[in-house]
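# A look at the structure
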Amino acid sequence: WSFRKAFDGTNQPLPLLPGELSEALFAITDGLPFYSVGTVVQTISGAGSGGPGKLESSVEVSIRVFDALIPPQVGFVTTTSSFIPQGDTALQLTVETTEVKRSTWSQIPVLGQLVDTTSFPTKDVLERVKPGSSKVMMELSYLSDNLRITRNENGQ
């Protein structure tokens with residue numbers, strides 16, 4: 001949501017891709033070969049504590065190239081956000097960082113140490129692109145024991 005907010009109204013020049021820059025970049029990454037998305041988990045902590053809480057979103061990504069020679073490389077791309085409750089059903093999220101955790105790349109000399117210790121400053125980058133874009137509202141639309149549906153301030 002923050003990425004789309006940061007690039008809202010920014011068009012790209014290539015006629016084969018969607019006009020909006022953020023949608024064009026998503027189309028490119030969605031079309032990359034040799035990867036698959038696995039388990040997706042969100043962990044909310046600090047809710048009800050009276051202070052800011054934390055939302056951690058992890059997506060398992062597996063890269064497979066020549067399985068007979070190189071085993072699949074797996075890692076969890078994890079974005080951490082802080083949040084402040086906004087009533088009973090909404091949170092104001094501030095996207096903070098993105099990093100790769102629990103990665104098989106950590107077993108590779110030099111590269112592994114770099115992956116394990118690198119944290120991308122998502123908030124800082126989004127704010128440089130468009131001030132205020134690191135903050136989004138998350139509105140709860142539906143909640144059961146097995147499913148949670150949330151939408152941003154634009155109903156998406």
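See above for the structure.
In this report, the structure presented in the accompanying data block is examined. What you see is a predicted model, and the numbers here were worked out from it, not measured in a lab.

Helix and strand content of the protein chain: 4 helices and 6 strands. The order of α-helices and β-strands along the protein chain, N terminus first, is α-α-β-β-β-β-α-α-β-β. When the backbone C-alpha atoms are referred to their principal axes, the protein chain occupies close to 55 × 45 × 30 Å. Every one of the 156 residues in the protein chain was classed for burial, and the buried ones make up 23%. Contacts in the protein chain between residues far apart in sequence, at least 24 positions, make up 43% of those at least 6 positions apart.

Turning next to a nonpolar patch on the surface. Taken together, the side chains of Leu25, Ile28, Leu32, Phe34, Tyr35, Val37, Val40 and Ile63 present a nonpolar region at the surface, about 710 Å² in accessible area. Of all the elements in the fold, those that place two or more residues in the nonpolar patch are α2 (21-30) and β1 (35-45). In terms of residue count, β1 provides more of the nonpolar patch than any other element does, 3 residues in total. Topologically, Leu32 is positioned in the loop between α2 and β1.

So, about the pairing of strand β4 (residues 90-101). Inspection of the sheet shows strand β3 (residues 73-85) paired to β4 by 10 bridges, in the antiparallel sense. Looking at the pairing, Ile84 lines up with Gln92 of β4. In this antiparallel pair of consecutive strands, β3 and β4, the connection spans 4 residues, and Gly87 shows a positive phi of 85°. One ladder, built from 5 bridges, connects β4 with strand β5 (residues 135-143); its direction is antiparallel. Bridge pairing links Gln92 to Met137 in β5.

The rules behind the values
- Residues numbered from 1 in each chain as written.
- Predicted model: local features only at pLDDT ≥ 70, side-chain atom pairs only at ≥ 80, totals over all residues.
- Heavy atoms only, no water.
- Helix = DSSP H or I, 4+ residues; strand = E, 2+ residues; numbered from the N terminus.
- Buried < 20%, exposed > 50% of the residue type's maximum accessible area, 1.4 Å probe, protein only.
- Contact = heavy atoms within 4.5 Å.
- Patch = residues over 30% accessible without salt bridge, like charges linked within 9 Å, V, L, I, M, F, W, Y side chains within 5 Å.
- Areas by Shrake-Rupley, 256 points an atom, 1.4 Å probe, with all protein chains shown as cover.
- Salt bridge = Lys/Arg side-chain N within 4 Å of Asp/Glu carboxyl O.
- Pairing = 2+ DSSP bridges.

The values reported here are purely geometric and, on their own, carry no functional implication.
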